[in-house]
Amino acid sequence: MVKGPGLYSDIGKKARDLLYRDYQSDHKFTVATYASNGVAITSSGTKKGDLFLADVSTKLVNKNVTTDVKVDSSSNVFTTVTVDEPAPGVKAILSFVIPDQKSGKVEVQYLHELAGISTSIGLTARPVVNFSGVVGTNLVAFGTDVEFDTSSGLFNKVNAGLNFTTSDLVAALTLNNKGDGLTASYYHTVNPLTSTAVGAELTHTFSTNENKLTIGTSHALDPLTLIKARVNNFGRASALIQHEWRPKSLFTISGEVDTRAIEKSAKIGLALALKP
């Protein structure tokens, strides 16, 4: 694997994962099995209020080609074909959704010790073109993410970001939404032996002059049990506990309460993932 600045999506990812990953207010159940020919089959169901959503996905790996196919409860078929390392540092991805004829997209990623590039183009007559690039090192990296719609002649997205990484600290600064939003994030590993970490994210929206601050922490009670907590400046406090009760099988329970309206019921989310 090439070590370098990574892709643009990696800027600020450590803090985002700490603050938002695995938190949910839905009820989700996932079961994965493996066929004798190596095909992985995953079934999942999610209850969102009175709505129940389900999907079945399969994953087949043949040498450096991975094919993922997912069918959801609305009869949409999501297909992704990934070719890993057709050339050194290159990954090619083809994705499309049936029956959506405008969903086809080809993406090429390239990772180098001093750069990370990702570019994609829609498979339509007037496609949406996306380009993101990062230059730098493992310590400091700068990047941009641009999306252009050839049908309208307008830029859908213009972002830029800066990432600073040490052995126990990751700081990031991104300018989003064509310059309307500025986000600063911070992630610090306090104790790697217990997966204890703290993080924060501050977002300012210039058009509304609104600020959002979220701070959080994580800690491993033991090698199989992780707890996380977060709170934001709007008074919403959340916590979760995740237990690996067997290898790769996780049970997660999370809750959120509005401290400014404590009389309201707390939101409770459950997730159970079973893997062989």
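This text follows the structure it describes.
Note that this is a predicted model, so its numbers are computed, not measured. (Residues numbered from 1 in each chain as written. Predicted model: local features only at pLDDT ≥ 70, side-chain atom pairs only at ≥ 80, totals over all residues. Heavy atoms only, no water.)

1. Some words on the overall build of the chain
Okay, step 1: On a plain count of helices and strands, the chain comes out with one helix and 19 strands.
Okay, step 2: For the chain, the C-alpha radius of gyration of 21 Å lies close to 19 Å, the compact-globule estimate for 276 residues.
Okay, step 3: With respect to the principal axes defined by its C-alpha atoms, the chain has extents near 55 × 50 × 40 Å.
Okay, step 4: Taking the average location of the 27 positive side-chain charges in the chain and that of its 25 negative ones, the two points are 2 Å from each other. (Helix = DSSP H or I, 4+ residues; strand = E, 2+ residues; numbered from the N terminus. Rg over C-alpha atoms; globule rule 2.2 N^0.38 Å. Lys, Arg positive; Asp, Glu negative; His and termini not counted. Charge placed at Lys NZ, Arg CZ, Asp CG, Glu CD.)

2. A word on the packing of aromatic side chains
Okay, step 1: All chains considered together, the criterion is met by one aromatic pair.
Okay, step 2: A cation over a ring is seen here: Lys70 above Phe78, with NZ or CZ 5.1 Å from the ring centre. (Phe/Tyr/Trp six-rings, centres within 6.5 Å; stacked < 30°, edge-to-face > 60°. Lys NZ or Arg CZ within 6 Å of the ring centre and 35° of its normal.)

3. Notes on a nonpolar patch on the surface
Okay, step 1: Together, Val135, Leu139, Val140, Phe142, Leu162, Phe164, Leu173, Leu175, Leu182 and Phe206 make up a nonpolar patch on the protein surface, roughly 830 Å² of accessible area in all.
Okay, step 2: Among the secondary structure elements, those contributing two or more residues to the nonpolar patch are strand S10 (140–149), strand S11 (154–165) and strand S12 (169–176).
Okay, step 3: With respect to the helices and strands, the residue Leu182 is situated in strand S13 (residues 181–191).
Okay, step 4: Look at Leu182 and you get partly exposed, because its relative accessible area is 30%. (Patch = residues over 30% accessible without salt bridge, like charges linked within 9 Å, V, L, I, M, F, W, Y side chains within 5 Å. Areas by Shrake-Rupley, 256 points an atom, 1.4 Å probe, with all protein chains shown as cover. Salt bridge = Lys/Arg side-chain N within 4 Å of Asp/Glu carboxyl O. Buried < 20%, exposed > 50% of the residue type's maximum accessible area, 1.4 Å probe, protein only.)

4. What about the environment of Ala40?
Okay, step 1: Within the element layout of this structure, Ala40 appears in strand S2 (residues 40–48).
Okay, step 2: Taking the C-alpha atoms as reference, Ala40 lies 37 Å from Val158; in sequence the two are 118 residues apart.
Okay, step 3: Those residues in contact with Ala40 that lie beyond four places of it in its chain are Thr33, Tyr34, Ser57, Thr58 and Lys59. (Contact = heavy atoms within 4.5 Å.)

5. What to know about the side chain of Ser44
Okay, step 1: Looking at where Ser44 falls in the secondary structure, it is placed in strand S2.
Okay, step 2: A polar side-chain atom of Ser44 sits 2.9 Å from a polar atom in the side chain of Asp55.
Okay, step 3: Dropping the residues within four chain positions of it, Ser44 is found in contact with Lys28, Phe29, Thr30, Leu53, Ala54 and Asp55. (Polar contact = N/O pair within 3.5 Å; in protein donor to acceptor, adjacent residues only side chain to side chain.)

6. Structural notes on the pairing of strand S3 (residues 51–62)
Okay, step 1: Across nine bridges, the pairing between S2 and S3 is antiparallel. Each bridged residue has a counterpart across the sheet, and for Ser44 the counterpart in S3 is Asp55.
Okay, step 2: In textbook terms, the turn of a hairpin is the stretch between consecutive antiparallel strands, and for S2 and S3 this stretch comprises two residues, one of which, Gly49, has a positive phi near 65 degrees.
Okay, step 3: Looking at chain direction, S3 and strand S4 (residues 65–72) are connected through eight bridges and run antiparallel. Looking at the pairing, Asn62 lines up with Val65 of S4.
Okay, step 4: Adjacent in sequence and paired antiparallel, S3 and S4 are bridged by two residues, among which Lys63 carries a positive phi angle near 60 degrees. (Pairing = 2+ DSSP bridges.)

7. Observations concerning the pairing of strand S7 (residues 105–112)
Across a regular strand the side chains alternate sides, sitting on one face of the sheet and then on the other.
Okay, step 1: As defined by bridge partners, strand S6 (residues 90–98) adjoins S7 across six bridges and the pair is classed as antiparallel. Paired with Ala92 across the bridge in S7 is Val108.
Okay, step 2: Where S6 hands over to S7, the hairpin turn is made up of six residues, counted between the paired strands.
Okay, step 3: Bridge count for S7 against strand S8 (residues 115–122) is eight bridges, and the pairing is antiparallel. The residue bridging Lys105 from the neighbouring strand is Gly122, located in S8.
Okay, step 4: The turn linking S7 back onto S8 is made up of two residues.

8. Here we look at helix H1 (residues 13–20)
Okay, step 1: All of the buried residues in H1 are Ala15, Leu18 and Leu19. Looking down the long axis of H1, one finds its buried residues gathered within 90 degrees of arc, a one-sided arrangement.
Okay, step 2: Tucked into the core, H1 has its buried residues touching S13, strand S14 (196–205), strand S15 (210–222) and strand S16 (225–232).
Okay, step 3: Positive phi appears at Asp22, one or two residues downstream of H1, with a value of about 80 degrees. (Arc of directions from axis to C-beta.)

9. Here we look at unusual backbone geometry
Okay, step 1: Ile98 connects to Pro99 through a cis peptide bond whose omega is 15 degrees.
Okay, step 2: Phi at Lys248 takes a positive value of approximately 70 degrees, unusual for a residue other than glycine.
Okay, step 3: The residue Lys248 is located in the loop between strand S17 (236–246) and strand S18 (249–258) in this model.
Okay, step 4: We classify Lys248 as exposed; its relative accessible area is 56%.

10. Structural notes on the side chain of Thr79
Okay, step 1: As for its position among the elements, Thr79 is in strand S5 (residues 77–84).
Okay, step 2: Apart from residues lying up to four places away in sequence, Thr79 is in contact with Asp68, Val69, Leu94, Ser95 and Phe96.

11. Let's talk about the pattern of salt bridges
Okay, step 1: In this structure the tally under the stated criterion is five salt bridges.
Okay, step 2: With its nearest N and O atoms 2.8 Å apart, the salt bridge here joins Asp26 to Lys48. Residue Asp26 is located in the loop between H1 and strand S1 (27–34), and its partner Lys48 is located in strand S2; the two are separated by 22 residues in the primary sequence.
Okay, step 3: Look at Asp26 and you get buried, because its relative accessible area is 15%.
Okay, step 4: When the shortest N-O distance is used, the salt bridge between Asp145 and Lys157 registers 3.2 Å. Residue Asp145 is found in strand S10, and its partner Lys157 is found in strand S11; the two are separated by twelve residues along the sequence.
Okay, step 5: A residue is classified by how much of its surface remains accessible, and Asp145, at 9% relative accessible area, is buried.
Okay, step 6: When salt bridges that share partners are traced, they join Arg230, Arg236 and Glu256 into one network.

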